Amino acid sequence: MKRTLFSLILVLILALTACAQAGGKPAASGGPVEIRFMAWGDPAELEVWKQIVADFEKENANVKVSVEVSDWDSYWTKLKTLLAANTPPDIFAIDAPLYKDYQARGVLLNLKPYLDANPGLLDGLYPVTLKAYETPEGYFGLPRDFQTIVVFYNKDMFDAAGVPYPQQGWTYDDLREIARKLTRDTNGDGKVDQYGFYADLWDMELIWSEGIWAYGGDVINADATRTLIGTPEARKAWKLFHDMIFVDGSWPDANTAAQYGGDPFLAGVAAMTTIGHWAIPGYAEASFKWDVAPMPAGPAGQATSVNSAGFVVAKATKYPQESFNFIKFVLSEKGQTRLAELGFACPVLKSVAESPAFLEQEVKVNHQVFLDSLAFARMKPSFKGYEEWSSVIGDGMSVVWTGEADLDATLDEVVKQADEVLAKNK
Amino acid sequence: MEAGLKPLGREKFWLWAMLTPTLFGLFFSAFGSLLATLALSFTRWDLLTPPQWAGFANYVALFKDPKYLTALINTVRFTAMYVPGVVIVSLLVAVLMNRGLKGISFFRTAYYLPAVTSAVATALVWQMIYGKDTGILNYLLESMGLQPVCWLCTDMALYSVTIVNIWGAIGEGMIIFLAGLTAIPKEYYEAAEMDGAKGIQKFFRITLPLITPSIFFQTLISTINAFQAYDYIYMLTRRGQGDSSVPVVVFSIYRNAWHFSNYGGASAQAIELTLIVAVLMGLYLWLEKRFVVYE
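Since the structure is predicted, the reported quantities are computational estimates derived from the model, not experimental observations.

Asker: Tell me about the overall build of chain A, residues and numbers included.
Answerer: When you go through chain A residue by residue, the secondary structure sums to 19 helices and 13 strands. In summary, chain A has a C-alpha radius of gyration of 24 Å against a globular reference of 22 Å for 426 residues, a match within 12%. Over its C-alpha atoms, taken along the principal directions, chain A stretches across nearly 75 × 65 × 45 Å. Going through the 426 residues of chain A one by one, you find that 46% of them count as buried. A separation threshold of at least 6 residues defines the contact pool for chain A, and within that pool the share at least 24 residues apart is 73%.

Structure (structure tokens):
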């Protein structure tokens, strides 16, 4: 009996200490300050962040940074829960399209005073990546890296068919023609088992915003009050995608693509795809040779999408200065070089992006294409309600890409619903 | 039954001492979150800014939200197929398992295995079975000279995922029914055999009436599970970034809360789901009084 009581007390004590530990970090004055940094990513990214933190702590003896990395989905759930409980991490990663949403809801710190105290800090960054974080009141966040979308192509398939690789200056008509040539039945069973092209059509970033821009349309107006994906110009791009899937059969429909894990290019059944630099570490494992080429041009010229991941500081932070210093460090040559070595994204600091750290990284493909694409890149939009708006379009159009619904009628309906979301978020 | 098992004196103290952690957890996590959800369902809340009172606006909006109504209809259709499916199939399996066959423990384990395997992993296997061009099922159909079916396309997906969910639930249903079956005294069957009853007669005249408590319990549990079903369905029907071709109510709740910053609306959906289940439970309990035979 005595023993039971003893173990019961022991359990209680353990539980209480566990609670106390979770409860918080004592902010002892004079002692080292601990700031929390949260980001999405995989274990490889956690390792790189730990190295960056170690470098930072060497230069800032009084600051300790704890890093938490979660996968994309759980990251946002975790972050929102922490924000709701008013115990957010001091610094957290943000995706540019979602940035305005968080900013509009007033949970981010305005970095203006800290930037004013550091004139010239942003001079070395690519201006287009900064633009996403600009607001009339100043910057509430800064980019840490960027992604431009380019064409990835399977060299083995091109070589086998004797088709020349895509070149700067090619057009969407060329893309369609090449895709048709590369669509084949390689084992002769009467069914197509190699497709010319595949890109996921749910999110605008991979192909449809690029296509709409190249055909002279736009996705949304400047003050985010009207959805423009149903204009005659935009419909030309939609029709091209639709024809490639359902007339040429050179682009697998959504149901077919799902059988290849949603990425027929990586599965070795699609000759081309459009995606960003983040795909490179995964594609490096593929059993075929591949390289990258710039996006094709349309009647209105060449266009691609640029999007940047960045950092924000929580308004509720107790250590704004220390948090800002950490961001500043990641934007320095040292921090950016480390991030470049990771191989997932393009550095926002020009001097590092144009250095061997980025251009001659482990996976040898033409990395310069990602930088050159900035010349004709347009920003992925960012506004309050972005996620619901993009879901209404992505979900709404998905029945078109499985071949169950008519393109034009669905577009009409989707534009109407998307505009309702915009009105609701005003 | 009642005598002899009542806790006495010091035992009573330990009984409460051991129950306290569970009751504590139940009270705060289950009732606490139920009440919090109820309160939130009357607010407009994006998680980040303070909640604002919205009255019944979230509930009114539910009936005008085509996405929610689609999810609700899917859930109801799913439940209508899933509950009878689970009850009938697991009862049949349990009756088969109750015979003294050789190697019976292997089959019992095999049928129970889905209950202890990760739904995400098994859903991936089902994806290989259901694939349109590469799936095993269509390969079999084609080798028999039949047309391949797109099992996970929108018009078939609901049926396909219902089959997977029933398959996943057979194990637990089987355990419930096996317990009920072994409790039926052998003498009843022996007496029936003396009177010349056949297998089918024995099943409908003896087994079925005597396991109505198990059937009732299994129907109740399956109904609750059906309204909460999510993992297999999502894994098999997800497309793009977070979309599903067969959205169910739980999926809609998750999406509204975490992706659309609509915590109030998500709470209203959760409350409505709870109410539907509560009404069904009330109906079942009423039916129980009329049809369930306890010895």
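What follows picks up the thread again.
Asker: Please set out the pairing of strand 3 (residues 91-95) of chain A residue by residue, giving values where relevant.
Answerer: All names here are of chain A. Burial within strand 3 is extensive, with five of its five residues counted as buried. The two faces of strand 3 match: I91, A93 and D95 on one face and F92 and I94 on the other face are all buried. Strand direction decides the pairing type here: strand 1 (residues 33-40) and strand 3, joined by two bridges, are parallel. Residue pairing across strands places M38 opposite F92, the latter belonging to strand 3.

Asker: An account of the sheet that holds strand 6 (residues 195-198) of chain A is requested, with residue identities and associated values reported.
Answerer: All names here are of chain A. One open sheet accounts for four strands, arranged 6-7-5-8; its pairing is mixed. At either margin of the open sheet sits one strand with a lone partner, and together these are strand 6 and strand 8 (290-293). Pairwise comparison of adjacent strand axes, ignoring direction, gives a mean angle of 20° for this sheet. Pairing analysis gives three bridges linking strand 6 to strand 7 (residues 270-275), with the strands arranged parallel. Its bridge partner lying in strand 7, Y195 is registered against A270.

Asker: Go over the domain arrangement of chain A with me, naming the residues and quoting the values.
Answerer: The extent of an interface is frequently quoted as the accessible surface area lost upon association of the parts. Residue and element names in this part refer to chain A. You can read the domains of chain A as domain 1 (33-148 + 307-377) and domain 2 (154-305 + 384-424). The C-alpha centroid of domain 2 is placed 29 Å from the C-alpha centroid of domain 1. Between domain 1 and domain 2, the residue contacts involve 21 residues of the former and 21 residues of the latter. For the side of domain 1 that touches domain 2, the secondary structure elements donating two or more residues are helix 4 (96-104), strand 4 (141-148) and helix 17 (368-372).

Asker: I'd like a description of the environment of W49 of chain A, backed by residues and values.
Answerer: Residue and element names in this part refer to chain A. Among the structural elements, W49 can be located in helix 2 (residues 43-59). Residue classification places W49 among the buried positions, given that 22 C-beta atoms sit within 10 Å. When the C-alpha atoms of W49 and G396 are compared, they prove to be 38 Å apart, with 347 residues separating the residues in sequence.

Asker: Just give me the short version of the confidence of the model for chain B, but keep the residues and values in it.
Answerer: Averaged over every residue, the pLDDT of chain B is 89; the share at 70 or more is 97%. ipTM for the predicted complex: 0.77, alongside a pTM of 0.83.

Asker: I'd like a rundown of the packing of helix 4 (residues 104-116) of chain B against helix 7 (residues 154-182) of chain B, residues and numbers included.
Answerer: All names here are of chain B. It is at 7 Å that the axes of helix 4 and helix 7 come closest, and there the two elements cross at 115°. With respect to helix 7, the axis of helix 4 lies roughly perpendicular. Every pair of crossing elements has a handedness; the one defined by helix 4 and helix 7 is left-handed. Between helix 4 and helix 7, the contacting residues are Y111, Y112, L113, P114 and A115 on the first element and W167, G168, I170, G171, E172 and M174 on the second.

Rules and cut-offs
- Residues numbered from 1 in each chain as written.
- Chains lettered and ligands numbered in written order.
- Predicted model: local features only at pLDDT ≥ 70, side-chain atom pairs only at ≥ 80, totals over all residues.
- Helix = DSSP H or I, 4+ residues; strand = E, 2+ residues; numbered from the N terminus.
- Rg over C-alpha atoms; globule rule 2.2 N^0.38 Å.
- Buried ≥ 20, exposed ≤ 12 C-beta atoms within 10 Å, placed from the backbone.
- Contact = placed C-beta atoms within 7 Å.
- Pairing = 2+ DSSP bridges.
- Axes fitted to C-alpha atoms, helices over the stretch in contact; angles between N-to-C directions.
- Domains from an automatic or database assignment.
- pLDDT = per-residue confidence, 0-100.
- Parallel < 35°, antiparallel > 145°, perpendicular 65-115°, else oblique.
- Left-handed = near helix turned anticlockwise from the far one by under 90°.

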